[in-house]
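Take a look at the letters that make up each chain.
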Amino acid sequence: MSFWNLIYTILISPIELLFEVIFNFSNSIINNPVFSIIILSLVVNFLVLPLYIRADAIQEEERRTEEKLDKWVKHIRKTFKGDERFMMLQMYYNLNDYKPTYVLKSSLPLLLQVPFFIAAYNYLSHLSLLKGFSYGPISDFGAPDAMITIMGIPVNVLPVLMTLINIISGIIYTKDSSIKVKIQLYGMALIFLAFLYKSPAGLVFYWTLNNIFSLLKNLFYKLKNPGKTLKVISSITGLLMCGYTLSIDISLRLKVLLLLMAAMLQIPIIYLFLPKYKKKIADKGKDTLIYILCVTIITLLIGVLIPSSVIASSTSEFINIVALNNPLDYMIHCMSLSVGFFIVWLSIFYALATSEKKRVFSVCLWIVNLVFIVDYMFFGTNLGVLSNTLKYDVKPSHTLSEYAINSCVIMLVVIGGYLIWRFLPKAVAVVLISSGLVISGMSIHNIVTVSKEYETTVYKASAAREDPIITLSKKGQNVIVIMMDRMIGRFIPFMMEEDPELYSQFDGFTYYANTISFGPKTNAGSPGVYGGYEYIPEKMNERDTELLADKHDEALKVMPVVFDEAGMDVTVFDPTYAGYGVVPDLSIYDDHPNIKKYITMGNASIMEKGSDRTSIERTLNRNFFCYGVFKVAPLILQSTLYDDGNYNSTQEWVDDTKKDEIDMSGQSTIWLSQSHGITEHFMEAYSVLDKMPDITRINDDDKGCFLMMSNDTTHEPVMLKEPEYIPANDVDNREYDETHFIKYDKDGNVINLDDKTCTHEINLEKVKHYQINMCAIKKLGELFVYMRNNDVYDNTKIIIVSDHSTNTKIDDKYNIYGKDENGEDKIYDCEQFTCTLMVKDYNSKGFTQNYDFMTNADVPTLAFKDIIKDPVNPFTGNKIDNTYKYENDGANVIFMTHFHTTENNGYKFRPEAWFFVHDNVHNKSNWKYLGYY
C-alpha cells in the first residue's frame, strides 16, 4: 500500500464505506435509489451535525476574537516595523491568550467538508444503480441531468439550483461577517458549480440536499431554542419511522431492528423531560485515557485480530498461487480502515466535544468494548464454513431464543459495565489494558502462523508456473480419473434429459445411481477415491500409529505409482490435499520422477483473466473490515450487516477498460434468476475444464497414458448464464427459468428448483448447485467430443467420481436419526454421502444406468481392471480390490463435522457419528446409526 493509498484509506474510505452501507440498507427496504439518496443525506447530516455545530461554534468564537483584536493589531502593524512589530504583536497575542495559528479555526467547517465531499464524489459518481435510473424530470441519475435544452445545448439545472441554495445559505450565515468571509463562501459556491456541473445527477442531487440541510441549519440557529426544537424533530422522525416500519412487509427481525432505531430517536426528547441535576465532571485525563484505550482495543479487535484469525485458519485459501500475494496485506488494509474509523474520525468527534460529552464518550466506548468482546467470544461462533470470499456455505441464521439470550446478555453487560465504571473506576483501565494485551498476543500468534504458511505456500506454488499438459495415446490404453469435488450424482439423469446432446457426448458411460461415499467432506471421502478401500476412514483409523496426513498422501500415490511402474505415461493435476494443505504439495511425488505433476487451479497459462486481481483484492480489503464489524455486532444486527455475504456492497468494481472481463470479486444475486459477478475460485476451476482440449497432446505411441485430476467447478455454487451454463458478468435467466425451474428425468421424476414450500435461501442453493453441475457436465462433454474427433475416445477408460455430495433439500428421505456427542437425539442429512460415479470402459457404447451398490472407493479397482493384473498397493503390499463391501454387505461411513485438515490431522479421525448403509442407499430403512466414536 502506497503512502497516498494509506492516507486515503484512513481518511476517506471510512466515510465512503459509511455512505455505501447506509445507501444499500435504505435501498434494500424502499427499492428506490433517489429516495435512498435522500435518506443517505439526512442520516449523514444528522450523524455529523454535532461535529458541524461544534466546528461552527469554534469558527464563530475565532471570528469574534479576531474582531476584538483587530483594532490594536492594525495599530501595531501601522506604528511599528521589522523585529519591533513582530515582538509587539507576539506580546499582544500573549496578553490575550491568542496564537496566529488560531486563524485556521475559521476554516474548520470547510476542512471537515472536504473528506465528505471526496467520499461522496467517488461513491456516487460510480454507483451503477443510478445508471439509467429515471425519476421525475431526470431521465438518468447516472449522467448530468440535462433537464432543459437552450438552442440545442443541454443545460444542467441541478448544479445551478445547488449553487443558488449555497449562496442563499451563505447570505444568511455571513450576514454580519467581513467581506473576506463572504468572498470565501461565494467563491467556494462557484468552484463547486464549475466542478460538479458535468457530474452525474445522483451526485449533484446529494450535494444539493446537503446544501438545503446547511440552509435549514443556518435558519435553525435563528430559532429561540434550537436545542428543544431539534429534540422534537428527532421524536417526530422516530414516530414517522415507526409508522412506516409497521406498514411495510419485511422480516420480523428487520422490523424489530427498525423499531429499535425509531425508539432511539425518542431518547433526546425523553432526556429533555428528565429532572436536571448538577453532575460532577470527571477528570479530563481519566476520560482521555479510557477513550484512548477503548479506541485502540476496538481497532485491534476488528482491524487485526478478526482478519488475522480468519486468514490463519486457512492461509493458503487467501493466496493466489500465481500472483503470490501476501494475505497479511488484507489485514493491513483492514487495520488502516479501522484506524480511520475509530482512531481518526471518532477522535475528531471526541476532540471537539465538551468535557461532559467526553465523559459520555468514554463510558459509552467502555461499554461498547465489553459488548464487542462478549459477542465475538460467545455468540455466532459456529456459523459454518467460511470461504475465501468471506461468505458462509449456509447463510447464518439465529433462532428467537438466541436473539433473546444475546439481547439479555448485552443488557447485563451494559448494566455491569456502567456499575464498574461508576463504583470501580480503577478497574476499567485494568480490564482494558488486560484485554488489549490478550488481543495483541492472539493477533501476533496469528500473524506468525500466516507468515509461516505463506512461506510454505510460496514454495509449493512454483509448480503453478509450469504449463500443464495432458498426454493421450492413439494406440495405447489410456485411463482418466476425474474427481469432481462435491459433484451431485442425483442431478445427472435430470441434466441428461434437459440437454439430450449429452447422451451422445457421454456415449459409452454407465451412470452408477446407487453410489456412496465414506464421508460427507473431502478429507474423509477422497482418500478412498484415490487409494481404494485401504484408505476409507474405518481402515485409516485402524492404522493408528501413522498420521492421517501421511496416509492421505499415500492414497494419492497409489494409482499414479502403480501405473508408472507398469510403464504408462502418468500425469497428476491438483492432487487433493497433498501435504494436507489446500495448495497441493507436489513434492509427495518426488520419489517417482517420471510422474508429471501440476497445479492447474489458478494457473496463469490456463486462466485468461486470472492474473487481474484488482477487483478481488479491493472487495476483500473492504469486506474484511465489514466482516469484523459483523462478528462483534449483536445478533439482531448480524443478518443486516452480512447481507447474504455482500456486506452491503453496491459497487461493481469493473473499470471501464475491463468491462469485457468477468468480475471475479464475488457474486451478488437477485432472487433466483439474476446475478452479477462470479467468484474467483469457481473461475479458477472452470477455466481448467474449459481449457482441457487446448492443453491435451495426442501421440501415436503404444505407451498408454494415465491422468488423475481433481477439479472444484462443482464445489463453488454460483449462478450461471442459461441455457449455456457458462459464467457471465450479468446473468438474467428469468425467461429461461419460467419453463425450466422444474427438471424431469426420463422416468418422470421431478426436481423443483423453485419450491414454494422452501425458503428463498434453500431454493437459491439448489439453483446454483444444479447450474455448476450442469456446467461441469457440459464442459466434460466438450472434452469427450474433442477426444472422439482425435481418435482417443474409444481406447480411453474414463472415470468421473466425486468425493461426496451436498444437501440439495429436495426432500427429506436422507434425514437419518442418530445421536450427537452428548447423547442427544439428532437428525443427520445423509444425502451428502450420495456421490457421483460414472464409468466409460474401452469401446463401450450407449448410456446406461446401473443400480448396483457401489462406493467411490471402487475407483482404483475399476481403473486397474483389464490393465493391471492383480494390482497390489506398492506401500502396504496388500491386494487392491473391492471385496470390503461384499464382506460387510455394505459400508461404514463417518458423518464428519470436524473436516478441516488444520483441526483433524492426528492419527485417527476425531470422534463423529458413524452409520452403516447397504443396498439401496436412497432408502431410509437401509441406514443404521452405529454410534458416536
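Here the structure is a predicted model, which means the values were calculated and not measured.

A. Layout of the pattern of salt bridges. Counting across every chain of the model gives 20 salt bridges. Between Asp 754 and Lys 756 there is a salt bridge, with its nearest N and O atoms 2.9 Å apart. Residue Lys 845 pairs with Asp 794 through a salt bridge whose shortest N-O separation is 3.6 Å. Placement of the pair is Lys 845 in the loop between β19 (837-840) and β20 (848-850) and Asp 794 in the loop between α27 (760-789) and β16 (796-801), with a sequence separation of 51 residues. Given the relative accessible area of 32%, Asp 794 is considered partly exposed. The network of salt bridges with shared partners includes Lys 395, Asp 644 and Glu 761.

B. Main features of the sheet that holds strand β23 (residues 913-917). A sheet is described by the order of its strands in space; here three strands give the open sequence β22-β23-β24, paired in antiparallel fashion. Two strands bound the open sheet, and with one partner strand each, they are β22 (891-895) and β24 (927-932). Taken over all neighbouring pairs, the strand axes of this sheet differ in orientation by 30° on average, direction set aside. Note that β23 and β24 share five bridges and pair antiparallel. Bridge pairing in β24 links Ala 913 to Tyr 932.

C. Looking closely at the confidence of the model for the protein chain. Mean pLDDT over the protein chain works out to 88, with 92% of the residues at or above the 70 mark. Across residues 277-282, confidence stays below pLDDT 50; counting only partners more than four residues off in sequence or on other chains, it has nine contacts. When the criterion is pLDDT under 50, residues 653-659 qualifies, and its contacts beyond four places in sequence or with other chains add up to nine contacts.

D. Structural context of the packing of helix α2 (residues 13-30) against helix α13 (residues 328-352). Remark: α2 packs on α13, axes separated minimally by 8 Å, with the N-to-C direction vectors making an angle of 100°. As far as their axial angle goes, α13 and α2 are roughly perpendicular. The segment α2 lies against α13, with Ser 13, Pro 14, Ile 15 and Leu 17 engaging Leu 337, Gly 340, Phe 341 and Trp 345. Its residues assigned to classes, the contact of α2 with α13 comprises six nonpolar, two polar and no charged.

Thresholds, definitions, all that
Residues numbered from 1 in each chain as written. Predicted model: local features only at pLDDT ≥ 70, side-chain atom pairs only at ≥ 80, totals over all residues. Heavy atoms only, no water. Salt bridge = Lys/Arg side-chain N within 4 Å of Asp/Glu carboxyl O. Helix = DSSP H or I, 4+ residues; strand = E, 2+ residues; numbered from the N terminus. Buried < 20%, exposed > 50% of the residue type's maximum accessible area, 1.4 Å probe, protein only. Pairing = 2+ DSSP bridges. Axes fitted to C-alpha atoms, helices over the stretch in contact; angles between N-to-C directions. pLDDT = per-residue confidence, 0-100. Contact = heavy atoms within 4.5 Å. Parallel < 35°, antiparallel > 145°, perpendicular 65-115°, else oblique. Nonpolar A, V, L, I, M, F, W, Y, C, P; charged D, E, K, R; others polar.

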